[in-house]
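Now for the letters of each chain:
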Amino acid sequence: MLYKSTRNNNLKVTASEAIARGISEEGGLFVPEYFPSVRDKLSYLRKLDYISLSKEILSLYLTDYTKEEIGECAEKAYETSKFSGEQVRLHEVENEDGIYSLELWHGPTCAFKDMALQILPHLLTKAFKKQADGKKAVILVATSGDTGKAALEGFKDVENTQIIVFYPENGVSPMQLRQMNTQEGENVCVCAVKGNFDDCQTQVKRIFTSPELKVKLSENNMLFSSANSINWGRLLPQIVYYFYAYFRFLDRMGVEDEEEAINIVVPTGNFGNILAAYYAKMMGLPVNKFICASNSNNVLTDFINTGKYDKQRKFYTTISPSMDILVSSNLERLLYHLTDGNDKKTAEWMKALNEKGEYTVDAIVANKVKELFAAYCCGEADTSKTINSCFENSAYLIDTHTAVAFKAINDYREENDDYTPAVIASTASPYKFSKSVLSAISDFESDDEFVLVEKLSEVSGLEVPKSLKALKEKKTRFTNVCDRESIASFVLDTLGIEG
Ligand SMILES: *Cc1c(COP(=O)(O)O)cnc(C)c1O
């Protein structure tokens, strides 16, 4: 299996190269040349536990890794002790007609990003051994909150790596901030940026593709890599849980064969999680419709409904901050696939987005998008209302991101009368966003995050995750702040390289 760049079909690399590089040199993203089908193997895959299923799926794509290497990665990443039991859990929502919440947040940082970022460091260090032996991997991360912590936790004290995380100064929740600024490990660093998430992401992408910086790092025996969801090593592990969820759904329903279709609903930001679901379908998972849920930053809703992507709009800081994004990087991969691998067109659209802030896809592509996806957006008041009604009607507590997806499936069902069983990707523990969640279900107020957490536990009866509880006692280690323009020099300073 080889990988092509979405902006240059002539460039072909192995899996380990794609993972080591993170992004292609001309700015394109690596995609697999084809999607291996598991349609005939579903009943076999259904019998596997999460770790074994991961090994099977990963092996189909990581053909320059040995079976042993993949096994080691999956076993280290998904140890049940790190997930306090089953790695992902499918919760049937009471008093709803075939709605299942796929809880992806039982990992060490209580966000779905753990599912990929617990395994990525292992995939990456093996890739570096193959591709750049002896070189230190410098991981730069732009985060809207959850990626940062999950990446720090995944990479902390991993040999021959150094990780630097940038987050928007006023764009993350107090719990996310505390999680990042207290991070332990000798090879980690965290910095706030005066700007929003898109500013962070744009600058980090620029650093990755800067020939000058590449040379500077190389002279110091280092190489940049990415833990953002543009890295193939982030996307691939996410395919696994859609299969796993489907099998648990069938088990729950007592269905023998693997024919019945589901809808998949994903609260979307950078389009990584929902793209992984699309990849699962390409491999043979029976999916009827993907429902893309956005918050007030509804650039994807408009794109899916009209074929025009227009980032020139007001940026909202919302109570679902991990979705506060106007440039959804992974959409580039979908466009590449839907144009049957047209690298020229994909590159053209991305250039237009960069230079003019917008592009419009051809009618053929726009129609394909609409056939596969439905899209809905949800404002702040509706997000809170949905948390409230879910708690009151179904005795189920959801976080602000998951709530956006619950609202989307309700809107979709009402509009389309399609009651296909729906699996909703639940992306964070409600405790990561205690203030917003609590205010949706009670009148209690406090400025102390840990008082809020205790109160939320009292009201909901749900246990506080241990890793969040422990933050209360931890010391703040990082207080760095920098301008957008000085991200590159901050990186060099941190690495001890002269600018
Ligand atoms: C990152 C994140 C999302 C968005 O996922 P994408 O893969 O970027 O679309 C949604 N919810 C939460 C809680 C997240 O951390």
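Scroll up for the structure.
Nothing here was measured: the structure is a model prediction, and the numbers come from that model.

*Asks:* I tried to follow the site of the ligand on my own but got confused; where do I start?
*Replies:* Taken together, 15 residues are adjacent to the ligand, and Lys113, Asp146, Gly269, Asn270 and Thr427 come closest. Here an oxygen atom of the ligand and a side-chain polar atom of Asp146 are 2.6 Å apart. Backbone polar atom of Asn270 to an oxygen atom of the ligand: 2.7 Å apart, as the coordinates give it. Classifying every residue of the shell around the ligand gives five nonpolar, eight polar and two charged.

*Asks:* Just checking my understanding: could you explain the environment of Tyr244 for this structure?
*Replies:* On the secondary structure map, Tyr244 appears in helix α11 (residues 232–253). A relative accessible area of 6% means that Tyr244 is categorised as buried. With 196 residues separating them in the primary sequence, Tyr244 and Leu48 have C-alpha atoms 8.7 Å apart. Residues within four places of Tyr244 in sequence aside, it is in contact with Leu48, Asp49, Tyr50, Leu53, Glu86 and Val88.

*Asks:* Could you clarify how one ought to interpret helix α9 (residues 197–208) in this entry?
*Replies:* Three- or four-residue spacings in an α-helix give side chains the same orientation, since the helix completes a turn every 3.6 residues. Helix length check: α9, at 12 residues, gives a terminal C-alpha distance of 17 Å against a target of 16 Å (1.5 Å per residue), a fit within 8%. Burial runs high along α9: nine of the 12 residues are buried. Within α9, the full set of buried residues consists of Phe197, Asp198, Asp199, Cys200, Gln201, Gln203, Val204, Ile207 and Phe208. Structurally, the start of α9 carries an N-cap: the backbone nitrogen of Asp198 is 3.0 Å from a side-chain oxygen of Asn196.

*Asks:* Can you walk me through unusual backbone geometry in this structure?
*Replies:* Across the chain, the bulk of peptide bonds are trans and the bulk of non-glycine residues have phi less than zero. If you check the backbone angles, Asn95 has positive phi at about 60 degrees while not being a glycine. Of note, Asn95 is situated in the loop between β4 (89–92) and β5 (99–103). Of note in this structure, Phe271 is not a glycine but carries a positive phi near 70 degrees. Given the relative accessible area of 1%, Phe271 is considered buried.

*Asks:* In this structure, what is going on with the sheet that holds strand β1 (residues 3–5)? I would like to understand it.
*Replies:* Sheets are built from strands paired through backbone hydrogen bonds, the pairs being either parallel or antiparallel. Here we have three strands laid out as an open sheet, ordered β2-β1-β3, and antiparallel in their pairing. The two strands at the open ends of the sheet, each matched to only one other strand, are β2 (8–13) and β3 (30–32). Adjacent strand axes in the sheet meet at a mean angle of 40 degrees when their direction is disregarded. Across three bridges, the pairing between β1 and β2 is antiparallel. The residue bridging Ser5 from the neighbouring strand is Asn8, located in β2.

*Asks:* I would appreciate a short explanation of the packing of helix α7 (residues 146–155) against helix α8 (residues 174–181) in the present structure.
*Replies:* The geometry of a pair of packed helices is captured by two quantities: the angle between their axes and the separation between those axes. Following both chains from N to C, one finds α7 and α8 inclined at 25 degrees, their axes separated by 9 Å at the closest point. By the criterion of interaxial angle, the relationship of α7 to α8 is roughly parallel. Considering how the two elements wind past one another, α7 and α8 form a crossing that is left-handed. Residues Asp146, Gly148, Lys149 and Leu152 of α7 form the contact with α8, whose participating residues are Gln176, Gln179 and Met180. Per-class residue counts for the contact of α7 with α8 are two nonpolar, three polar and two charged.

*Asks:* Would you take a moment to explain the packing of aromatic side chains for this structure?
*Replies:* How two aromatic rings sit relative to each other is given by the distance of their centres and the angle of their planes. Evaluated as defined, the whole model comprises 24 aromatic pairs. Ring plane angle 85 degrees and centroid distance 6.1 Å describe the contact between Phe208 and Phe224, whose orientation is recorded as edge-to-face. Within this pair, whereas Phe208 is found in helix α9, its partner Phe224 is found in strand β9 (residues 222–226), the two being separated by 16 residues in sequence. Take Phe208 and Phe224: they sit in the same class, and that class is buried. Measuring from ring centre to ring centre gives 6.2 Å for Trp349 and Tyr359, while their planes differ by 15 degrees; the resulting arrangement is stacked. In this pair, Trp349 sits in helix α15 (residues 343–356) while Tyr359 sits in strand β13 (residues 358–360), placing the two residues 10 residues apart along the sequence. Take Trp349 and Tyr359: they sit in the same class, and that class is buried. Three or more aromatic residues joined by ring pairs form one cluster here, namely Tyr3, Phe35, Tyr61, Trp232, Phe271, Tyr278, Tyr279, Phe290 and Phe373. Above the face of the Tyr65 ring, Lys130 is positioned so that its terminal group lies 5.1 Å from the ring centre. Taking the ring centre of Tyr244 as reference, the NZ or CZ of Arg248 above it sits at 4.7 Å.

*Asks:* Would you mind going over the pairing of β4 with me for this structure?
*Replies:* Put simply, side chains in a regular strand alternate between the two faces of the sheet. As paired strands, β4 and β5 are joined by four bridges and run antiparallel to one another. Bridge pairing links Glu92 to Tyr100 in β5.

*Asks:* So what exactly am I meant to see when it comes to the packing of helix α4 (residues 67–77) against helix α6 (residues 120–131) here?
*Replies:* At a minimum axis separation of 9 Å, α4 and α6 run at an interaxial angle of 150 degrees. On the basis of the axis angle, α4 is roughly antiparallel to α6. For the pair α4 and α6, the contacting residues are Glu69, Glu72, Cys73, Lys76 and Ala77 in the first and His122, Leu123, Lys126 and Lys130 in the second. In the contact of α4 with α6, the residues fall into three nonpolar, one polar and five charged.

*Asks:* What should I look at first to understand the pairing of strand β6 (residues 136–142) in this one?
*Replies:* The buried fraction of β6 amounts to six of the seven residues, a majority that puts the element mostly inside the structure. Pairing analysis gives five bridges linking β6 to β9, with the strands arranged parallel. Counterpart to Ile139 in the pairing with β9 is Ser225. Examined bridge by bridge, β6 and strand β7 (residues 161–168) share six bridges and lie parallel to one another. Bridge assignment links Leu140 to a residue of β7, and that residue is Ile164.

*Asks:* Looking at this structure, I do not really get the sheet that holds strand β8 (residues 188–194). What am I missing?
*Replies:* Reading across the sheet, the five strands line up as β9-β6-β7-β8-β16 and stay open at both edges, with parallel pairing between neighbours. Strands at the two margins of the open sheet, each flanked by one partner only, are β9 and β16 (480–483). Taken pair by pair, the neighbouring strands of this sheet meet at an average axis angle of 30 degrees, ignoring direction. Strands β6, β7 and β8 of the sheet are contacted by α7, whose axis makes an angle of about 165 degrees with β7. Along the sheet, helix α22 (residues 487–495) contacts β6, β7, β8, β9 and β16; its crossing angle with β7, the most-contacted strand, is approximately 150 degrees.

What counts and what doesn't
Residues numbered from 1 in each chain as written. Predicted model: local features only at pLDDT ≥ 70, side-chain atom pairs only at ≥ 80, totals over all residues. Heavy atoms only, no water. Near = heavy atom within 4 Å. Polar contact = N/O pair within 3.5 Å; in protein donor to acceptor, adjacent residues only side chain to side chain. Nonpolar A, V, L, I, M, F, W, Y, C, P; charged D, E, K, R; others polar. Helix = DSSP H or I, 4+ residues; strand = E, 2+ residues; numbered from the N terminus. Buried < 20%, exposed > 50% of the residue type's maximum accessible area, 1.4 Å probe, protein only. Contact = heavy atoms within 4.5 Å. Expected span 1.5 Å × (residues − 1). Pairing = 2+ DSSP bridges. Axes fitted to C-alpha atoms, helices over the stretch in contact; angles between N-to-C directions. Parallel < 35°, antiparallel > 145°, perpendicular 65-115°, else oblique. Left-handed = near helix turned anticlockwise from the far one by under 90°. Phe/Tyr/Trp six-rings, centres within 6.5 Å; stacked < 30°, edge-to-face > 60°. Lys NZ or Arg CZ within 6 Å of the ring centre and 35° of its normal.

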